[in-house]
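A closer look at the structure
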Amino acid sequence: MGQLGEFHLSAVQTAIMVGLGLQHKSVDDLAREINLPSGQLLGLYNKTIRKFVQHFTKLSEQRVESTLKKVSVNGAAAMMTAPTRSLEEELQDAADDYLESALGKRKATEVTPGFAEDGKFAKKKKKNFEKNSKRTRHAKKKQ
């Protein structure tokens, strides 16, 4: 129990934990050995379990707090800040980037054998793509 730091149990609480946990005794058998009524034994057991839960919660909170303090950006403590842009703005930018990259890929693949002769098909395809991408942006802005 020395590893738990400032966590201490009374002799009766320790006997209850050892009897129920390690020795697998029933509540009635343990109550006879300790000379306590079973209701009082269960009350002490409940109190002991709550004490364990509080202690381990405190330890985990301290661990998280210490790790958060260690996180730093350029030597300064990192602070949580509110986002500067809305989610819609970020999504719109991502959509615009995607459309630009898709349009760039289309420009690279526009000239293909078989369509290079007149180029009309490629130009029409490009115009349709640009028209559809503008509609998509316009529809998203309305929302």
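For the structure given in this document, a descriptive report is provided here. (Residues numbered from 1 in each chain as written. Predicted model: local features only at pLDDT ≥ 70, side-chain atom pairs only at ≥ 80, totals over all residues. Heavy atoms only, no water.)

Each helix and strand in the protein chain was counted, giving 5 helices and 2 strands. Mapped from its N terminus to its C terminus, the protein chain presents α and β elements in the order α-α-α-β-β-α-α. Evaluated residue by residue, the protein chain yields a buried proportion of 16% over its 143 residues. As presented, the protein chain carries roughly 11800 Å² of accessible surface, and 56% of it is formed by carbon and sulfur atoms. (Helix = DSSP H or I, 4+ residues; strand = E, 2+ residues; numbered from the N terminus. Buried < 20%, exposed > 50% of the residue type's maximum accessible area, 1.4 Å probe, protein only. Areas by Shrake-Rupley, 256 points an atom, 1.4 Å probe, with all protein chains shown as cover.)

In this structure the tally under the stated criterion is 2 aromatic pairs. With 4.7 Å between their ring centres and 40° between their planes, Phe7 and Phe52 make a pair best called tilted. Note that Phe7 is positioned in the segment before helix H1 (11-22) and Phe52 in helix H3 (residues 38-70), a separation of 45 residues in sequence. With a centroid separation of 6.0 Å and 20° between ring planes, the pair formed by Phe52 and Phe56 is classed as stacked. Taken together, the residues span about one helical turn, with Phe52 and Phe56 both in helix H3 at a distance of 4 residues. Judged by relative accessible area, Phe52 falls into the buried class, the value being 16%. Since its relative accessible area comes to 42%, Phe56 is described here as partly exposed. Ring-pair connections join several aromatic residues into one group, and the members of that group are Phe7, Phe52 and Phe56. Across the ring face of Phe7, the terminal group of Lys51 is positioned such that the distance to the ring centre comes to 5.8 Å. (Phe/Tyr/Trp six-rings, centres within 6.5 Å; stacked < 30°, edge-to-face > 60°. Lys NZ or Arg CZ within 6 Å of the ring centre and 35° of its normal.)

A few words now on the environment of Glu33. Tracing the backbone shows Glu33 in helix H2 (residues 27-34). Taking C-alpha positions, Glu33 is 9.8 Å from Ala15, a pair spaced 18 residues apart along the chain.

Turning our attention to H1. An ideal rise of 1.5 Å per residue puts 16 Å on 12 residues; H1 measures up with 16 Å between its terminal C-alpha atoms. Of all the residues in H1, the buried ones are Gln13, Ile16, Gly19 and Leu20. When H1 is viewed along its axis, its buried side chains cluster within an angular range of 135° and face the same direction. Among the exposed residues of H1, those pointing more than 90 degrees away from its buried face are Ala11 and Leu22. (Expected span 1.5 Å × (residues − 1). Arc of directions from axis to C-beta.)

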